[in-house]
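Each chain, letter by letter, is given below.
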Amino acid sequence: MKNFTLSIATVLALSTFAVASEDIPAVGSKSGFYIGGAYSLVNSEMSIHENYESGGNDYDYYDSYEVDTNAYMLQAGYQFNQYIAIEGRYWNAMDSEKNSYSRYTNGEFDYSNDYSDGDWSAWGIYVKPMYPVTETFSVYALLGYGNVSIKDEWSDDKSLLDENVFQWGIGASYSITENTSFFIDYVRLCKDEGDTYVDGIYTYDLDVTIDTVNIGLSYKF
């Protein structure tokens with residue numbers, strides 16, 4: 001989670017830079033539609049209790065995983081004024097190969113038998129309250145509802161996770177020109193506990209946390 005801690009610190013540090021800049025065109029308070037895109041670093045943490053029966057015996061395994069995934073994010077929204085907007089976002093993984101999992105099986109470190117390939121997608125719709133710190137710099141929050149889906153490596157037609165959940169985030173936006181802004185933010189896409197996933201003789205109880213840091217540009221019409 002160090003990358004996420006550093007990225008949140010970057011959001012806060014931008015405020016100092018923005019206050020010191022006075023010669024960049026003002027963001028303005030006009031309403032209008034905007035679109036944008038970003039590179040996203042996604043951190044997924046998963047705890048799994050696996051149970052299955054074989055040869056008349058019950059077997060239990062307790063696993064935990066952590067993986068960082070590269071992704072892209074697309075956004076579209078409508079800004080009503082300098083204090084409020086409505087925004088939609090869509091994320092999808094960019095990694096074409098399996099990610100390296102840090103896995104613990106029954107408390108022991110293990111790289112074998114990867115559970116999922118990290119192929120995932122997410123979307124969300126948010127209310128976006130904003131506060132203009134200066135004419136060129138603003139901070140904001142994201143409060144909304146969305147979906148997160150993680151594919152099962154061993155099945156083409158099943159998802160390891162497919163949940164509609166509450167999502168939230170914080171971020172900062174800095175005006176490059178009157179219509180173009182740079183932004184960086186943190187969004188918690190999923191904090192889901194107690195889900196049960198059944199695949200044949202296997203039953204999995206899942207606890208999943210998915211966070212993302214997004215760095216990108218937006219353009220306001």
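The rules behind the values
- Residues numbered from 1 in each chain as written.
- Predicted model: local features only at pLDDT ≥ 70, side-chain atom pairs only at ≥ 80, totals over all residues.
- Heavy atoms only, no water.
- Helix = DSSP H or I, 4+ residues; strand = E, 2+ residues; numbered from the N terminus.
- Buried < 20%, exposed > 50% of the residue type's maximum accessible area, 1.4 Å probe, protein only.
- Contact = heavy atoms within 4.5 Å.
- Core = buried A, V, L, I, M, F, W, Y, C linked by side-chain atoms within 4.5 Å.
- Phe/Tyr/Trp six-rings, centres within 6.5 Å; stacked < 30°, edge-to-face > 60°.
- Pairing = 2+ DSSP bridges.
- Polar contact = N/O pair within 3.5 Å; in protein donor to acceptor, adjacent residues only side chain to side chain.
- Salt bridge = Lys/Arg side-chain N within 4 Å of Asp/Glu carboxyl O.
- pLDDT = per-residue confidence, 0-100.
- Patch = residues over 30% accessible without salt bridge, like charges linked within 9 Å, V, L, I, M, F, W, Y side chains within 5 Å.
- Areas by Shrake-Rupley, 256 points an atom, 1.4 Å probe, with all protein chains shown as cover.

K.L.:
Hey, could you run me through the overall build of the protein in this one?
P.N.:
Assigned secondary structure in the protein consists of 1 helix and 10 strands. Ordered by position in the sequence, the α and β elements of the protein form the string α-β-β-β-β-β-β-β-β-β-β. Considering the protein as a whole, with its 221 residues, one finds that 43% of them fall into the buried category. Here the contacts in the protein between residues at least 6 apart in sequence split such that 68% fall between residues at least 24 apart.

K.L.:
Whenever I open this one, the environment of Ala-93 confuses me. Can you help?
P.N.:
Residue placement: Ala-93 occurs in strand 3 (residues 84–93). C-alpha separation for the pair Ala-93 and Leu-41, spaced 52 residues apart in sequence, amounts to 9.5 Å.

K.L.:
Can you help me understand the nonpolar core in this one?
P.N.:
What tends to happen in soluble globular proteins is that the nonpolar side chains get buried as a cluster. Counting 29 residues, the largest nonpolar core has Trp-91, Trp-120, Val-148, Leu-161, Leu-189 and Ile-210 as the members making the most contacts within it. With 5 residues, the top contributor of residues to this core is strand 1 (residues 32–54).

K.L.:
Explanation requested: the packing of aromatic side chains in the structure shown.
P.N.:
Any pair of aromatic rings gets described here by the distance separating the centres and the angle formed by the planes. The full count for this structure, using the stated rule, is 4 aromatic pairs. With 5.0 Å between their ring centres and 75° between their planes, Tyr-78 and Phe-80 make a pair best called edge-to-face. For the ring pair Trp-168 and Tyr-186, a centre distance of 5.5 Å and an interplane angle of 65° mean the geometry is edge-to-face. With Trp-168 in strand 8 (residues 159–175) and Tyr-186 in strand 9 (residues 180–199), this residue pair connects regions lying 18 residues apart in the sequence. What links up through ring pairs into an aromatic cluster is the set Phe-33, Tyr-78 and Phe-80.

K.L.:
Explanation requested: the pairing of strand 6 (residues 120–132) in the structure shown.
P.N.:
Here 9 bridges tie strand 3 to strand 6, and the two strands are oriented antiparallel to one another. The residue bridging Arg-89 from the neighbouring strand is Gly-124, located in strand 6. Examined bridge by bridge, strand 6 and strand 7 (residues 137–151) share 11 bridges and lie antiparallel to one another. Across the sheet, the residue bridging to Tyr-131 is Val-139, located in strand 7. Counting the residues that bridge the hairpin from strand 6 to strand 7 gives 4 residues.

K.L.:
What's the story with the side chain of Ser-40 in this structure? I'm lost.
P.N.:
Position of Ser-40 relative to the elements: it lies in strand 1. Classification of Ser-40 by relative accessible area gives buried; the value is 0%. A polar side-chain atom of Ser-40 sits 3.4 Å from a polar atom in the side chain of Trp-91. Those residues in contact with Ser-40 that lie beyond four places of it in its chain are Thr-69, Asn-70, Ala-71, Tyr-72, Met-73, Trp-91, Thr-212, Val-213 and Asn-214.

K.L.:
I'm lost on the pattern of salt bridges in this one. Help?
P.N.:
Oppositely charged side chains can form a pair if their charged atoms are brought close together. All told, the structure shown has 4 salt bridges when counted by the stated rule. Glu-87 is the salt-bridge partner of Arg-89, the closest N and O atoms lying 2.5 Å from each other. Residue class for Arg-89 comes out buried when judged on its relative accessible area of 4%. Residue Arg-89 is joined to Asp-185 by a salt bridge in which the shortest nitrogen-to-oxygen separation is 2.6 Å. Taken together, the residues Arg-89 in strand 3 and Asp-185 in strand 9 connect sequence positions 96 residues apart.

K.L.:
In this structure, what is going on with the confidence of the model for the protein? I would like to understand it.
P.N.:
Caution applies to low-pLDDT regions: their predicted coordinates should not be interpreted in detail. Here the protein averages 77 in pLDDT, and 68% of its residues register 70 or above. This stretch, residues 8–28, has a pLDDT under 50; its non-local contacts, to residues over four places away or in other chains, come to 37 contacts. Long-range and interchain partners of residues 96–107, a stretch whose pLDDT sits below 50, account for 47 contacts in this model, where long-range means more than four residues apart.

K.L.:
Sorry, what's going on with a nonpolar patch on the surface here?
P.N.:
On the surface, a nonpolar cluster with roughly 1,000 Å² of combined accessible area is contributed by Tyr-39, Tyr-72, Leu-74, Phe-80, Ile-86, Tyr-90, Met-94, Trp-123, Ile-125, Val-127 and Tyr-145. Listing elements by their share of the nonpolar patch, those giving two or more residues are strand 2 (57–81), strand 3 and strand 6. Position of Tyr-39 relative to the elements: it lies in strand 1. Tyr-39 sits in the partly exposed class, given a relative accessible area of 38%.

K.L.:
Help me understand the environment of Ile-201, please; the structure alone is not making it clear to me.
P.N.:
Along the polypeptide, Ile-201 turns up in the loop between strand 9 and strand 10 (202–220). Separated by 148 residues in the primary sequence, Ile-201 and Glu-53 have C-alpha atoms spaced 6.7 Å apart. When neighbours within four sequence positions are excluded, Ile-201 is seen to be in contact with Asn-51, Tyr-52 and Glu-53.

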